[in-house]
Amino acid sequence: MEQSESTRAALVGYAKIFGVEITPEEESLERSVQEIIGFLDDLETLDLDGVPPAVAYDPTWPRVNEVLR
Amino acid sequence: MTWLDGDPADLTIAEAQVALRSGALTAAELVEATLTRASRTERQLHAYVTLTGDQARAIAEEQDDAARGGTFSGPLHGIPLGVKDIFDVAGLPTKCNSKSRSRVAAAREDSTSVEMLRRAGGIIVGKTVTQEFAAGVVSHPARNPWDPNRIPGGSSGGSAAAVAVGSAMGAMGSDTGGSIRIPASVCGTVGLKPTYGVLSTKGVFPLAWSLDTVGPLAKSAQDAYTLYGALAGLQETTLELLGLSDIRVGISHPHFFERLQPGVYSAVREAIALLASGGVEVVDAPWNDARAARAAGFIINRAETEVVHRDGVKRNPKRYGPVLVERVKASSVMPAGGYLRALQARSVVRESIEQVFIDHGVDVLVSPATPATALPADDLYAAYDGTEPESVTLAYTRMTMPFNVTGQPVLVIPCGLDEHGLPVGLQIAARPFDEERLCRIGASFEGLFSNQFGAGWSRPPMAAGVAL
């Protein structure tokens, strides 16, 4: 229980840095923030050292129906 | 069954094309049958925001006049279609199921998708229900045609429900984290998420621009490819079936086969066994980065959604639903570095999935489309044996999101029913730009499943007028 309280306090503090207030009643918001942090952690299973971020649009990919317009 | 001994609303697009061209059926008759089906089912289904019956009837009459003179409008001549209400349709407001757009003006022009469908002769019969701004998987107030107490999935829930029940012969959806494939899976229809970037998203309200993909929902793989062909401007869309022994399928453990409802596991396992017994070569093809791909998809999705909606939600949160408000609020804790890490991860997983296809020589990967079938509308948690229940959003996107990050094309087809008689979807992922082969494979699998379960097995009872 003590650990969960301290984890919660850390989460609330973290969210506050970004201007997001999590009140004790907002359990669902708290879960949503936890999900995001959990998924960020999942990325750490990859070796991303020196990897360039993917581009949103790959210019070599044709956008077929726009070409035909 | 053909329309001659049944209802034209039950035809596939391929069957309707034959009937229309032979003169056995008119566009007006087909549109009327579809609208009649809608009037019978909408009280329970709520698949549509707006039906455009009068316009559809007028266009059908014009097409019939032209057809009597020997002129057909295109491959979709006379085909009644639904369009998710995040696509612009000229003359109609794009409300995105959001109070924030309740007074939005009518769109002045069609989205590119709608323009392409109309150019091919398709007739728009209405706009279908979406989750607010396509950000979620519930699609309230639309319901599931197999059981109206359950959700149709989302966010293209109205489109899937309409196609399943026959109040549209095909429909447009969008897929950012699974929003075509999820409702296709839980409503028992076919859904095609094309390769990212192949089809224009012009005139479609964005959710997360680097993942947003538009595509069709339909009753069969052939119909999905016909619609895809119209959207992409392809000349030839008739699929030749592949011999089952010419298909090599990869199974990716563990990500795609853990934490499944028992009914989903059984149906998919039996479907794969059926494929193998039919001659399909089935091999293990592990993709160790699937979980990270899903995580990257989630992060990119949330970060971009936050950017799209931040100002509106801040300015007037009461004009947005609680799910979207919370999503935007929670996503604002995302550090820029987190988003960039996710984009780096995207580079890695695009390469690693390509390597899986190369190393194992597979044509496609198959998996369950969703770990759970349609959930009750009043209990949005999926329960599995021996593990904590999972929220509907996390559960339904677990299998689909990795392929939004890689961008490859994915087809979902129904492959069986669970113990409640609810449909289970099979997700089939192919190489980028391989939509044709993907749909040929899907059509070949459909033939096998129809032989096993009987014709019409994936049609919900509501379509046949059974009171639920």
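Structure report, in brief. (Residues numbered from 1 in each chain as written. Chains lettered and ligands numbered in written order. Predicted model: local features only at pLDDT ≥ 70, side-chain atom pairs only at ≥ 80, totals over all residues. Heavy atoms only, no water.)

All right, on to helix α2 (residues 27-45) of chain B then. Residue and element names in this part refer to chain B. At S39, α2 shows its largest bend, some 35 degrees. Taken together, the buried positions of α2 are A27, L30, V31, A33, T34, L35, R37, A38, T41, E42 and L45. Its buried side turned inward, α2 meets α1 (13-22), β1 (48-51), α3 (53-68), β2 (80-84), β3 (123-128) and α5 (157-165). Following α2 by one or two positions, H46 has its phi on the positive side, about 50 degrees. (Bend = angle between axes of the 7 residues up to and from the residue. Helix = DSSP H or I, 4+ residues; strand = E, 2+ residues; numbered from the N terminus. Buried < 20%, exposed > 50% of the residue type's maximum accessible area, 1.4 Å probe, protein only. Contact = heavy atoms within 4.5 Å.)

What follows concerns the sheet that holds strand β7 (residues 248-251) of chain B. All names here are of chain B. With respect to topology, 11 strands assemble into an open sheet ordered β1-β3-β2-β4-β6-β5-β12-β13-β9-β7-β8, the strand pairing being mixed. Taken across any chain shown, the strands that pair with only one partner, and hence form the sheet edges, are β1 and β8 (281-284). Each strand of the sheet is rotated relative to its neighbour by a mean of 30 degrees, with strand direction disregarded. Here strand β5 (residues 190-193) pairs with strand β6 (residues 213-218) via 2 bridges, running antiparallel. Within β6, the position partnered with G191 by the bridge is L217. (Pairing = 2+ DSSP bridges. Axes fitted to C-alpha atoms, helices over the stretch in contact; angles between N-to-C directions.)

A few words on the packing of aromatic side chains. Here the distance between the centres and the angle between the planes together describe a pair of aromatic rings. Residue and element names in this part refer to chain B. Scanning the model with the defined rule gives 9 aromatic pairs over all chains in all. For the pair F256 and W287, a centre-to-centre distance of 6.5 Å together with 15 degrees between the ring planes defines the contact as stacked. Here F256 is found in the loop between β7 and α8 (262-277), whereas its partner W287 is found in the loop between β8 and α9 (290-315), with 31 residues between them in sequence. Exposure class is identical for F256 and W287. Each is buried. An aromatic cluster is built from F133, F205 and Y320, whose rings are joined through pairwise contacts. Directly above the ring of Y196 sits R346, whose terminal nitrogen or CZ lies 5.8 Å from the centroid. (Phe/Tyr/Trp six-rings, centres within 6.5 Å; stacked < 30°, edge-to-face > 60°. Lys NZ or Arg CZ within 6 Å of the ring centre and 35° of its normal.)

Let us look at the interface of chain B and chain A. Counting residues at the interface gives 48 residues for chain B and 37 residues for chain A. In total, chain B and chain A occlude about 3900 Å² of area from one another, counting both sides; carbon and sulfur atoms represent 62% of this. By the criterion of area lost to chain A, the three top residues of chain B are E326, V333 and R341 of chain B, representing 16% of everything that side buries. Connecting chain B to chain A are 3 salt bridges. Residues R341 of chain B and E44 of chain A are paired through a salt bridge, measuring 2.8 Å at the closest nitrogen-oxygen approach. Taken together, the links from chain B to chain A amount to 12 residue pairs in polar contact (both at pLDDT 80 or more). Taken together, the elements giving at least two residues each to the side of chain B that touches chain A come down to α4 (112-119), α7 (221-232), α9, α10 (322-331) and α11 (336-360) of chain B. Ranked by residue count, the leading element in the side of chain B that touches chain A is α11 of chain B, at 12 residues. Tallied by class, the residues present in the side of chain B that touches chain A amount to 25 nonpolar, 12 polar and 11 charged. (Buried area = accessible area lost by both parts, 1.4 Å probe. Salt bridge = Lys/Arg side-chain N within 4 Å of Asp/Glu carboxyl O. Polar contact = N/O pair within 3.5 Å; in protein donor to acceptor, adjacent residues only side chain to side chain. Nonpolar A, V, L, I, M, F, W, Y, C, P; charged D, E, K, R; others polar.)

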